[in-house]
Amino acid sequence: MSAETRRGADEALAIAFIGLGNMGGPMAANLVKAGHRVTGFDLVPEALATAAEAGVGPAASATAAAADADVVITMLPAGRHVLALYEDGGLLAAARPGTLFLDCSTIDVADARAAHEAAVRAGHQCLDAPVSGGVVGAEAATLTFMAGGGVAEFARAEPLLAAMGKKAVHCGAAGAGQAAKICNNMILGISMIGVSEAFVLGESLGLSHQALYDVASTASGQCWALSVNCPVPGPVPGSPANHDYRPGFAAPLMAKDLGLAANAVRAGRVQAELGLRAAELYATYAEHEGAAEDFSGIVRTIRQRSGGAPQAQHTEQNGTPA
Ligand code: NAD
């Protein structure tokens, strides 16, 4: 760790935090706990009030929060919000030259690169640092950050990332953090569909969930979607399938991330047929029955489209209602 990074870790910084929703609220609270002076803004007054209870100083606007900041963190729904705020919203212009802009939202790789260029043009530093770990990780400060930008920018951000998470990986230049996030989630979306299809096929062949799990979880079918977030109830007690598919990782967020991956697949003319199909399946599922479910609930849609009947056979066999 460089001397500069070590000094940074001990310094209390002035941080502007814009977007205090499900993720941003607890992340800002953890920065307060780490001793930083955090000023926040959100369009929703309730979100601002909740953050204020955790010690975040409420600002009247995003630009007011940024005016006095060493670091401006954004945690917003999509790329258009980040770009609109940076340029039209005056956030870049409001900050002192040399401010570090840290965008932790999950956004399009092209938008992340555009945001980075705009920040640098305005005389600032910039890092994209999307997260995995969900609301639970945001609250417990156990997020994983995937960062894109310069080495110096990453070193400057590290103490803050350490206050909000358990791991930060520098993935490369501007946009590389977002690239890593969508590639990882494309693997996850495809593998969850694959595991779910295998369970439904197993049902139709008279195979119990437990038997398939016992084989695949110790064989070459092993993956996170099977062994941690198993989409059928029974084999993994902590998985959302045992809790009526309450998220967990909500299906609309998976649909969003796969949509971003699909954009990048098309832009790069990559032959990612399964990635594109997974994006379609999750978009439909998230718009309908999956709107408030964990993404593993897609197994029920696959079963239903398969006729649903093998489920009764399965229930009889291993006594576990699915
Ligand atoms: P959220 O909708 O709860 O929070 C976003 C907040 O941004 C809202 O409170 C909204 O009012 C605010 N906002 C929007 N435009 C604004 C503006 N111009 N100025 C100030 N505030 C503004 O969403 P979230 O779940 O906190 O997710 C935030 C980001 O993190 C998203 O990009 C999401 O994809 C990503 N993410 C979420 C999760 C998760 O489990 N929720 C996990 C990983 C990544």
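Residues numbered from 1 in each chain as written. Predicted model: local features only at pLDDT ≥ 70, side-chain atom pairs only at ≥ 80, totals over all residues. Heavy atoms only, no water.

1. Description of the site of the ligand
- Taken together, 21 residues sit near the ligand, with Asn 22, Met 23, Asp 42, Leu 76 and Lys 256 positioned nearest.
- One of the backbone nitrogen or oxygen atoms of Asn 22 is found 2.9 Å away from an oxygen atom of the ligand.
- Within the backbone of Pro 77, an N or O atom sits 3.2 Å from an oxygen atom of the ligand.
- Taking 830 Å² as the accessible area of the ligand by itself, protein coverage stands at 83%.
- Those elements that place two or more of their residues in the shell around the ligand are helix 8 (134-140) and helix 13 (251-267).
- Residue composition of the shell around the ligand, grouped by class: twelve nonpolar, six polar and three charged. (Near = heavy atom within 4 Å. Polar contact = N/O pair within 3.5 Å; in protein donor to acceptor, adjacent residues only side chain to side chain. Areas by Shrake-Rupley, 256 points an atom, 1.4 Å probe, with all protein chains shown as cover. Helix = DSSP H or I, 4+ residues; strand = E, 2+ residues; numbered from the N terminus. Nonpolar A, V, L, I, M, F, W, Y, C, P; charged D, E, K, R; others polar.)

2. As for the confidence of the model for the chain
- With 93% of its residues at a pLDDT of at least 70, the chain reaches an overall mean of 93.
- Residue range residues 1-9 is modelled with pLDDT below 50. Its contacts to residues more than four positions away, or to other chains, number six contacts.
- Every residue in residues 310-322 is under pLDDT 50, and counting partners more than four places away or in other chains gives 28 contacts. (pLDDT = per-residue confidence, 0-100. Contact = heavy atoms within 4.5 Å.)

3. Topic: the state of the cysteines
- Under the definition given, this model contains zero disulfides.
- Lacking any disulfide linkage, Cys 126 is separated from the closest cysteine sulfur, that of Cys 104, by 11 Å.
- Given a relative accessible area of 4%, Cys 126 falls into the buried group.
- Here Cys 230 stays free of any disulfide, with the sulfur of Cys 223 as its closest cysteine sulfur at 9.5 Å. (Disulfide = S-S within 2.5 Å. Buried < 20%, exposed > 50% of the residue type's maximum accessible area, 1.4 Å probe, protein only.)

4. A closer look at the domain arrangement of the chain
- Taken domain by domain, the chain holds domain 1 (14-174) and domain 2 (180-318).
- Each of domain 1 and domain 2 has a C-alpha centre, and these two points are 31 Å apart.
- Each partner contributes to the interface: domain 1 provides eleven residues, whereas domain 2 provides seven residues.
- When the two sides are added together, the surface that domain 1 and domain 2 hide from each other amounts to roughly 640 Å², 65% of it contributed by carbon and sulfur.
- When the buried area of domain 1 at its contact with domain 2 is split by residue, Thr 106, Asp 108 and Met 146 rank highest and sum to 57% of it.
- Counting across the domain 1 and domain 2 interface gives zero salt bridges.
- If you look at where domain 1 meets domain 2, you find four residue pairs in polar contact (both at pLDDT 80 or more).
- Residue classes in the side of domain 1 that touches domain 2 are distributed as eight nonpolar, two polar and one charged. (Domains from an automatic or database assignment. Buried area = accessible area lost by both parts, 1.4 Å probe. Salt bridge = Lys/Arg side-chain N within 4 Å of Asp/Glu carboxyl O.)

5. Looking at the pairing of strand 2 (residues 37-41)
- Where strand 1 (residues 14-18) lies against strand 2, five bridges are found, and the strand directions are parallel. Residue pairing in the sheet places Ile 18 in a bridge with Phe 41 of strand 2.
- In terms of handedness, the path from strand 1 via helix 2 (residues 24-33) over to strand 2 forms a crossover that is right-handed.
- Both strand 2 and strand 3 (residues 57-58) contribute to a ladder of two bridges, which runs parallel. Note that in strand 3 the partner of Gly 40 across the bridge is Pro 58.
- Following the backbone out of strand 2, through helix 3 (residues 45-53) and into the adjacent parallel strand 3, one traces a crossover that is right-handed. (Pairing = 2+ DSSP bridges. Right-handed = clockwise from strand over helix to strand, strands pointing away.)

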